[in-house]
Amino acid sequence: CRPMVMPAPVGNLALLKKYLNLQPGSVMLVIAWITYTLAHPKVPSSKFVILIVQGHHGSGKSLFCQMLKTLIDPSVVSIQMLPGNAKDLAIDAQNAHVLCYDNVREFRPAMSDVLCIAATGGALTTRQLYTDAEVQIHTIQVALVLNGIHPFVGQPDLAQRCLPIELLPIAEKDRKSDAQLAAELQADLPAIQRGLFDLIADVFTHLPKAEVT
């Protein structure tokens, strides 16, 4: 893990929006996902929404996921490939608040079930060794970001736990190098981080009186 950036004295969420190549409605949903995920620790009462990031080649899916990881859960490991089994995913989850899996194409129904457990919290049991009968319990609870070009969510129970967003193509004239984008984000990060924390505080202020419609 890496430390989060020190928030600026004054927040500016408008700076975040320039890194979000999304339709206005999706911008609001992504900011809601970020603030919710930031505000909720991995405790039994927390339930996380799986963010599904899709877009054509050149829409910046990987960079988008790296930015989310930087804002919520800075780490040496930013984005990874989806593990092939439940035990490896559980180990990943125990060492992160947010997991970002890149270039997802498809997965078996059994992995779909594991992703559902990860979003709502639960446990997986495995044998410690194939040669003995000892049971090892892996708690699994984590916020997930999955990105890919092709649709890969096919199970209804998984779909109910997902927030799908579509990244817009980035015009050739607007493209920047990874290094340039990283430098710009690093400069804007303190004001963005403060803006997110201020928004979270406002949400908690009004939440007791909010009515879900």
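Residues numbered from 1 in each chain as written. Predicted model: local features only at pLDDT ≥ 70, side-chain atom pairs only at ≥ 80, totals over all residues. Heavy atoms only, no water.

(A) How the structure looks around the overall build of the protein chain. Assigned secondary structure in the protein chain consists of 7 helices and 7 strands. Of the regular secondary structure in the protein chain, the N- to C-terminal order runs α-α-β-α-β-α-β-α-β-β-β-α-β-α. Scaling as 2.2 N^0.38, a compact globule of 213 residues should have a C-alpha radius of gyration of about 17 Å, and the protein chain matches this with 18 Å. Considering only residue pairs separated by 6 or more positions, the protein chain has 74% of its internal contacts joining residues 24 or more positions apart. Put simply, the protein chain has 17 plus and 18 minus side-chain charges, and the middle of one group is 2 Å from the middle of the other. (Helix = DSSP H or I, 4+ residues; strand = E, 2+ residues; numbered from the N terminus. Rg over C-alpha atoms; globule rule 2.2 N^0.38 Å. Contact = heavy atoms within 4.5 Å. Lys, Arg positive; Asp, Glu negative; His and termini not counted. Charge placed at Lys NZ, Arg CZ, Asp CG, Glu CD.)

(B) Main features of the pattern of salt bridges. A full pass over the atoms with the stated rule returns 6 salt bridges. Residues R194 and D198 are paired through a salt bridge, measuring 3.0 Å at the closest nitrogen-oxygen approach. On the criterion of helical spacing, the pair formed by R194 and D198 is a turn pair, its members being 4 residues apart in helix α7 (residues 178-206). Accessibility expressed as a relative area gives 29% for R194, which makes it partly exposed. Given a relative accessible area of 32%, D198 falls into the partly exposed group. (Salt bridge = Lys/Arg side-chain N within 4 Å of Asp/Glu carboxyl O. Buried < 20%, exposed > 50% of the residue type's maximum accessible area, 1.4 Å probe, protein only.)

(C) Spotlight on the sheet that holds strand β6 (residues 143-148). Taken together, the 5 strands give an open sheet; going across it, the order is β2-β3-β6-β1-β7, and neighbouring strands pair in parallel fashion. For this open sheet the edge positions go to β2 (79-80) and β7 (162-166), each flanked by a neighbour on one side alone. Pairing analysis gives 4 bridges linking strand β3 (residues 98-101) to β6, with the strands arranged parallel. Each bridged residue has a counterpart across the sheet, and for C100 the counterpart in β6 is V145. Relative to β6, helix α2 (residues 24-39) is tilted by about 145°, and along the sheet it contacts β1 (50-54), β3, β6 and β7. (Pairing = 2+ DSSP bridges. Axes fitted to C-alpha atoms, helices over the stretch in contact; angles between N-to-C directions.)

(D) Region of the structure containing helix α5 (residues 109-120). With 12 residues, α5 should reach 16 Å at 1.5 Å per residue; the first-to-last C-alpha distance of 17 Å fits that figure. Phi turns positive one or two residues past the end of α5, at G121, with a value near 95°. (Expected span 1.5 Å × (residues − 1).)

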